[in-house]
Amino acid sequence: MTKTERITWGSASARRLARQFLANSARTGTPVADVVGTMLGVHAQVLSAAELSVGLRTDGTTRMDVRTALWPTESSAAPPPLVKTHGPRGTVHLLPARDLPMWCAALPAIPGGPGTASPSDVRLTEEQAGQVVAAIGDALDGTFLTIDELGEEVVARTGPWAGDLVMPAFQTMWPRWRQVLHRAGQSGVLSFGPHRGRKVTYTRPPHFTPPAPEEALRRLVRRYLHAYGPATPQHFARWLAAPPGWARTLYAELAAAGEIEAVDFEGTSAWVVTGDTDFPDGPEREGLLRGVRLLPYFDAYLIAAQPRELLYPGAAYERALAGGQAGNFPVLLVDGVVAGVWHQRRRGSRTTVTVEPLGRLTARQERELAAQAERVGDVLEARAELVVGEVTVGPHA
């Protein structure tokens with residue numbers, strides 16, 4: 001590693017890949033929660049994609065290992081090391097249980113962006129929202145409830161106004177209280193439980209005392225920069241769906257306190273944790289970048305690594321992004337940049353992995369792609385069949 005004041009895209013990418021277990025997988029036996037914590041959460045709106053995000057970074061890990069970390073067997077006395085809840089951007093994530101205090105202090109302190117408020121005849125007042133969040137926590141303590149059961153408990157603990165059907169959703173109307181479901185998750189009083197048949201259940205994570213919001217945000221910035229730096233305040237804001245002006249103020253406060261420092265990143269001023277300025281160069285950098293990797297929907301690396309136009313060069317920007325948004329397509333990474341898209345379809349004990357490269361692969365890269373497709377099957381506990389050809393499904397299919 002060399003210490004440098006000017007950091008190239010290649011050097012930054014090599015360090016990110018190494019720290020994200022994408023240059024070299026975590027060794028067999030590495031706790032699932034350690035991998036998830038390093039990634040700063042795993043997007044889990046589609047659980048199979050989250051299982052792939054973790055499994056493709058860890059030797060020997062399968063989807064069952066992830067599920068066991070979320071929902072241990074009844075004979076297990078220890079609390080689960082992973083929690084499925086509403087995390088960054090209000091979306092469903094897997095988070096290490098030990099990191100919940102940081103997340104649940106930091107996320108509610110992030111101001112909402114423009115257009116986040118519901119219409120006046122729908123929205124809850126701050127007082128009502130607080131009542132609903134408290135009612136959710138009380139109702140879920142020590143039990144698992146479906147959404148309908150939870151709604152009954154919330155209305156009983158607050159009032160009929162919470163159950164008013166005022167929120168348009170999927171050709172139906174949802175009760176008023178559900179607009180703060182994500183806030184309950186981000187406040188640490190709600191998480192997802194195992195399915196009851198085909199129905200989702202919710203429970204309450206173990207109680208904890210969160211740190212002060214200011215300290216939690218400072219910790220979050222430092223961990224983000226360690227994993228994905230160098231990064232600008234705008235990159236951080238985009239990752240969290242937060243206002244850029246707020247992020248600039250936060251970075252300025254950390255810089256004034258000496259916790260982060262500016263570096264030249266491809267001709268732009270960006271930030272790293274103070275003293276964390278060693279980046280790989282020369283053969284070491286090329287060795288970390290080199291290789292073929294398959295990343296699933298909304299993989300943490302695709303969402304956080306910036307600038308996006310360098311991660312998605314040339315034709316990849318049009319083919320693998322949806323209106324500039326990353327994660328809607330699973331992607332093929334070749335030597336650290338997006339070079340194609342892919343899709344997997346499960347049928348019984350088999351899964352077909354269709355990969356559409358945007359350029360010609362070498363013989364070595366074809367062999368690595370075949371190994372990656374086989375690993376996808378291993379994680380999903382299926383036998384994988386690799387097909388190289390056009391991916392005909394749309395984004396987030």
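A few points on the structure. Just so it is clear, the model here is predicted, and its values are computed rather than measured.

Turning to the pattern of salt bridges, a few remarks are in order. Here the idea is simple: oppositely charged side chains can pair when their charged atoms come close. By the definition in use, this model includes 21 salt bridges. A salt bridge links R15 to D276, with the nearest nitrogen and oxygen atoms 3.2 Å apart. Here D276 lies in the loop between β12 (268–273) and β13 (278–279) and R15 lies in helix α1 (residues 9–19), a separation of 261 residues in the sequence. The pair R15 / D276 is uniform in exposure class, with both members buried. Here E286 ties to R285 by a salt bridge, and the two come within 2.8 Å at their closest N and O atoms. What makes E286 partly exposed here is its relative accessible area of 40%. Within this structure, E215, R218, R219, R222 and E259 form a network of salt bridges that share partners.

Before going further, it helps to spend a moment on the packing of aromatic side chains. All chains considered together, the criterion is met by ten aromatic pairs. Both rings, one in W103 and one in W239, keep their centres 6.3 Å apart while their planes meet at 55°; by these two values the pair is tilted. Of this pair, W103 sits in helix α5 (residues 100–106) while W239 sits in helix α10 (residues 233–240), and the two are 136 residues apart along the sequence. Taken together, the ring pairs in this structure connect W103, Y224, Y228, F236, W239, W246, Y251 and W271 into an aromatic cluster. Lying over the aromatic face of F279, R15 brings its terminal NZ or CZ to 3.7 Å of the ring centre. R319 extends its terminal NZ or CZ atom over the ring of F329, reaching a point 5.3 Å from the ring centre.

Below, the discussion takes up α10. Counting buried residues in α10 gives six out of eight residues, a clear majority hidden from the surface. Those residues of α10 not exposed but buried are P233, H235, F236, A237, W239 and L240. Those residues of α10 that are buried are in contact with α5, α9 (213–228), α11 (244–256), β12 and α13 (300–304). Note on α10: the residue one or two positions beyond its end, A241, has a positive phi of about 55°.

For the rest of this paragraph, the subject is the sheet that holds strand β3 (residues 42–43). Reading across the sheet, the three strands line up as β3-β5-β4 and stay open at both edges, with antiparallel pairing between neighbours. The open sheet has two edge strands, β3 and β4 (82–86), and neither has a second partner. Of the strand pairs in this sheet, β4 and strand β5 (residues 92–96) are connected by five bridges, and their pairing is antiparallel. Paired with V83 across the strands is L95, a residue of β5.

So, about the environment of G55. Mapping G55 onto the fold places it in helix α3 (residues 47–55). The exposure class of G55 is buried, given its relative accessible area of 0%. Considered as a pair, G55 and R375 are 320 residues apart in the sequence and their alpha carbons are 8.5 Å apart. Once you skip the residues sitting within four places of it in the chain, G55 turns out to touch T61, R375 and V379.

In this section: the sheet that holds strand β17 (residues 350–357). Reading across the sheet, the five strands line up as β14-β15-β16-β17-β18 and stay open at both edges, with mixed pairing between neighbours. The outermost strands of the open sheet, each flanked by one partner alone, are β14 (292–295) and β18 (383–388). Ignoring which end each strand starts from, the neighbouring axes of this sheet average 30° apart. Two strands pair when backbone bridges link them, and strand β15 (residues 331–334) and strand β16 (residues 337–347) are joined in this way by four bridges, in the antiparallel orientation. Of the residues in β16, the one forming a bridge with L333 is V338.

What follows concerns the packing of helix α6 (residues 126–140) against helix α7 (residues 147–157). For the pair α6 and α7, interaxial distance at closest approach is 9 Å and the crossing angle is 125°. Regarding the angle of α6 to α7, the classification is oblique. As for the relative orientation of α6 and α7, their crossing is right-handed in sense. Facing α6, whose interface residues are V132, A135, I136, D138, A139 and L140, α7 presents L150, E153, V154 and R157. Residues that form the contact of α6 with α7 fall into these classes: seven nonpolar, no polar and three charged.

The amide bond that connects G229 to the next residue, P230, takes the cis arrangement and shows omega of 0°. Here P230 is to be found in the loop between α9 and α10. A cis geometry characterises the amide bond from Q306 onward to P307, with omega recorded as 0°. Mapped onto the fold, P307 is located in the loop between α13 and α14 (308–311). Even without a glycine there, the phi angle at R89 is positive, about 65°. Tracing the sequence through the fold places R89 in the loop between β4 and β5. With a phi close to 60°, Q171 is a non-glycine residue in the positive phi region. The exposure class assigned to Q171 is exposed, which follows from its relative accessible area of 84%.

Let us now look at the pairing of strand β11 (residues 260–265). In this sheet, β11 lies alongside strand β2 (residues 6–7) in parallel orientation, the contact comprising two bridges. The residue of β11 that forms the bridge with I7 is F265. Across six bridges, the pairing between β11 and β12 is antiparallel. When the bridges of β12 are listed, I260 appears paired with V273.

Scoring rules and cut-offs
- Residues numbered from 1 in each chain as written.
- Predicted model: local features only at pLDDT ≥ 70, side-chain atom pairs only at ≥ 80, totals over all residues.
- Heavy atoms only, no water.
- Salt bridge = Lys/Arg side-chain N within 4 Å of Asp/Glu carboxyl O.
- Helix = DSSP H or I, 4+ residues; strand = E, 2+ residues; numbered from the N terminus.
- Buried < 20%, exposed > 50% of the residue type's maximum accessible area, 1.4 Å probe, protein only.
- Phe/Tyr/Trp six-rings, centres within 6.5 Å; stacked < 30°, edge-to-face > 60°.
- Lys NZ or Arg CZ within 6 Å of the ring centre and 35° of its normal.
- Contact = heavy atoms within 4.5 Å.
- Pairing = 2+ DSSP bridges.
- Axes fitted to C-alpha atoms, helices over the stretch in contact; angles between N-to-C directions.
- Parallel < 35°, antiparallel > 145°, perpendicular 65-115°, else oblique.
- Left-handed = near helix turned anticlockwise from the far one by under 90°.
- Nonpolar A, V, L, I, M, F, W, Y, C, P; charged D, E, K, R; others polar.

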